[in-house]
Amino acid sequence: MTLSFQTVTLWLAAAVVLFSVSFLLKPRDGWLLLRIFIYLSVLFILLGPSISMRRTRTRDARLGVYVDRSRSMGVEERYMEAYKEVNRMKEAFGSAADLSIYGFDSEVWSMQKEELKTEPEGDRTDISAVFDEGVYDARVLISDGRDNWGESPLAHDRVKMTPVFTLGTGSRSPAPDLEISGLKVPGFAFRGREVEIGFKLLNKASDTGRTTALVRNDEKIVSRKPIELGGREKIPVSMSFVPEDTGLHSYTLEVEEIPGEVNLANNVRNFQIQVNRKKIRIIYVAGKPSWEYSFLRRLIKSDPHIDLVTFLILRNPENVTIVPENELSLIHFPAREMFTEKIYDFDLLIYDNFAYGNFFPENYLHHIKEFVAEGGGFIMTGGENSFLRGGYAKTPIGEILPVTFNENLSRWQVEEYKIEPAYSLSHPLLNIARDEDLSRQIWSEMPSLEGYDPGLEAKGSADVLMKKGGKTPIIAVKNYGEGRTMALNANTTWRWCMGLAGRGRGPHYYNRFWRETIRYMIRTGDVDRVQIFPARDRVNMGEYADINIRVLDEYLQPLDNALLEVRLKKPSGEKISVSTPELTDGDGWYETSVYAPDKGEYGIIVRASLHNRLIGENRESFRVSEADREMIRTSLNEGLLKEIASVSGGRYFSAGKMDYQKILERAKEKVPGEISRNITWSWWPFYIVLITALFTEWYLRRKRGLN
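Residues numbered from 1 in each chain as written. Predicted model: local features only at pLDDT ≥ 70, side-chain atom pairs only at ≥ 80, totals over all residues. Heavy atoms only, no water.

Here the focus is the overall build of the chain. Within the chain, the secondary structure is distributed over 16 helices and 38 strands. Expressed as a percentage of its 707 residues, the buried residues of the chain come to 49%. Considering only intrachain contacts with a sequence separation of at least 6, the fraction spanning at least 24 residues in the chain is 73%. Here the chain displays about 34900 Å² of accessible surface, and carbon together with sulfur accounts for 49% of that area. (Helix = DSSP H or I, 4+ residues; strand = E, 2+ residues; numbered from the N terminus. Buried < 20%, exposed > 50% of the residue type's maximum accessible area, 1.4 Å probe, protein only. Contact = heavy atoms within 4.5 Å. Areas by Shrake-Rupley, 256 points an atom, 1.4 Å probe, with all protein chains shown as cover.)

Structure below.
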């Protein structure tokens, strides 16, 4: 039994009242009342009562102050507000409270004065972690409330044990952010001709204002466009520029930041464009009239994207004639001008059964070598005036060709023979049916060629595409510098056109072989006819990745009626089909989207066909990573901070409005007191009263003659 001090005081007051009343009552009634009091007092002692007295401790209230150190606190100078608030708190509490300062992001640590001044860098925020650190009479939490890691702070079992006073920093509105999305870029362009690119500018939480989009080639700005934001969420933007030089060029698209923008990584995209001349320019020199020259010249001239300059030698000096020289020549052969000056304005040079020695000196060949090294293409076809018999051994042309000459075997031998692929049929010059199995069948059906030089041998650095009898190279290619060279040890490929036409296939595969050869030699063959452009460089887990696809025909023109099959390869290796892409705004552009639930590398495989014929297949990849949790949402999460304060018994404050006195009072309420316990019968005034009552009762009985 535990009694308070007030309870015992009541007993003593009752005793005094009873004594007083007992003298006023009749003798017998007063004696009876006094005896009842004595009996109750004895019973009270037997129950073992005690007196509890509480004294308040004198120590200061202990406060834990927790400052959010995650990166989102760097937005809008939030951390500067937090830093100022901590300093004001130190000054306000002074010696009245014991403050401990902590920093936290995904974990909690004691923060020193020097660190408090540095910018926050944490990648995650776990508010629930603050409840595991230390035992305090009250906690002060300074944060923007962007909790994105660990368990919910409201579910923590210690959130209700100590009052938490929360201070919210930052704006309730999302931070301004611009993002480049859906970039569309042509796979190739022509020098001096305008190139157009397009993209969508995603405008997040910016109602008004303007920005500027820039396209840079290295450090040079090649295009600039102002953009009015005007509160629009998606802004379509197109930009154009004119490439000045040929080759593969890297460009950077950049959107200038707007006031308050923090996440600048999505303001920049890089892309590449293969820049060619306005038209492919070819010099074709034929040493004599032939069916090869007639068929090939007609094919090249039929392509509107090619400018062709031809020189046909009708008579060589060794041909005997009685007609004067000045009466035989139709036009003067401008060898010096063509092979020392103008050659660098062309893309491809073809020597068809041509011996140079009758027309210009060997030093002109150095310019051809330099032309190839700088990115040009050179093809030499066979014949009695080619290769060794054309005088090219130990010349600059002999250095760049993919073959060497065996003088003991070299001669032009006229006989029919079948060619055999000697390289992977995935090579663009061999995959003429856009399907390896069908291409193998087509090559097996190809008509025989006539004429070859058995003295040609492939260099070690060359790729031999076709052979005769498994040994003699018929088609060999080689890279030299930035360009390519080809040795075609034949001059009767026109037979493929005529022979296949006689079998009902027409000139289709002959035409494709030579068109692919031209583009391959000048590297426009490197331009994929199926081009894949992920809309964004980085995709977050659980988001949809938009994929833009462009399809070109064999003339590299946009194709709007292609049939596309798309498969997605997940990081686990599993392949799944994707919904058929839809044609967007024409010009060969298609669009689809794929869901990316897991982290890792994803592959996109696109296969395009037209009328059951394969156009091309391509692959591209994109990486999926964990979302940048800190910068996806940066607005103040005031609701969470208010809930934490309410559940814990604290209070929420806005920045600059913290009530320090209220915090201190609430903390002092939680300071525990000391308890002292006194046993009632060890308290002497109570026993004096009891003994006095017994003596008085005995005296009254004796005086009045009662038993």
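Right, let's talk about the pattern of salt bridges for a bit. If you walk through the whole model with that rule in mind, you get 20 salt bridges. Residues R495 and E450 are paired through a salt bridge, measuring 3.6 Å at the closest nitrogen-oxygen approach. Of this pair, R495 sits in helix α11 (residues 494-502) while E450 sits in strand β23 (residues 449-452), and the two are 45 residues apart along the sequence. (Salt bridge = Lys/Arg side-chain N within 4 Å of Asp/Glu carboxyl O.)

Summarising burial for strand β6 (residues 138-143): 6 of the 6 residues are buried, a large majority. Neither face of β6 is open: one carries A138, V140 and I142, the other R139, L141 and S143, and all of them are buried. The pairing of strand β3 (residues 61-68) with β6 spans 5 bridges and is parallel. Within the sheet, the bridge partner assigned to G64 lies in β6 and is R139. (Pairing = 2+ DSSP bridges.)

With mixed pairing, 8 strands are arranged side by side in an open sheet as β17-β16-β18-β19-β27-β26-β25-β22. Looking at which strands have only one partner, the edges of the open sheet turn out to be β17 (306-312) and β22 (419-421). When the angles between neighbouring strand axes are averaged without regard to direction, this sheet yields 15°. Docked against the sheet, helix α5 (residues 291-301) engages β16 (280-286), β17, β18 (348-352) and β27 (483-488), running at close to 155° with respect to β17. Relative to β27, helix α12 (residues 508-521) is tilted by about 145°, and along the sheet it contacts β16, β17, β18, β19 (377-381), β26 (472-480) and β27. (Axes fitted to C-alpha atoms, helices over the stretch in contact; angles between N-to-C directions.)

A word on the packing of helix α3 (residues 78-93) against helix α15 (residues 660-669). At a minimum axis distance of 10 Å, the contact between α3 and α15 shows a crossing angle of 60°. Considering the relative orientation of α3 and α15, their crossing is right-handed. Here α3 contributes E85, R88, M89, A92 and F93 to the contact with α15, which in turn contributes Y660, I663 and L664. (Left-handed = near helix turned anticlockwise from the far one by under 90°.)

Our focus in this paragraph is the pairing of strand β13 (residues 234-241). Here β13 shows a clear split, with I235, V237, M239 and F241 buried on one side and none of K234, P236, S238 and S240 buried on the other. Relative to β13, strand β10 (residues 195-204) runs antiparallel, the two sharing 8 bridges. Looking at the pairing, F199 lines up with V237 of β13.

Turning our attention to empty space enclosed by the protein. Using the criterion set out here, one finds 3 cavities of 30 Å³ or more in the structure. If you trace the largest cavity, you find it lined by I280, L299, I300, D303, I306, R515, I518 and R519. At the level of elements, α5 and α12 are the ones that each hand at least two residues to the lining of the largest cavity. When residues in the lining of the largest cavity are grouped by element, the largest group, 3 residues, is from α12. Among the residues forming the lining of the largest cavity, the class breakdown is 5 nonpolar, no polar and 3 charged. (1 Å grid on protein atoms, 1.4 Å probe; cavity = no way out; pocket = protein on both sides within 12 Å on 5 of 7 lines; lining within 4 Å. Points joined across faces, edges and corners; volume = space filled by probe spheres on them. Nonpolar A, V, L, I, M, F, W, Y, C, P; charged D, E, K, R; others polar.)

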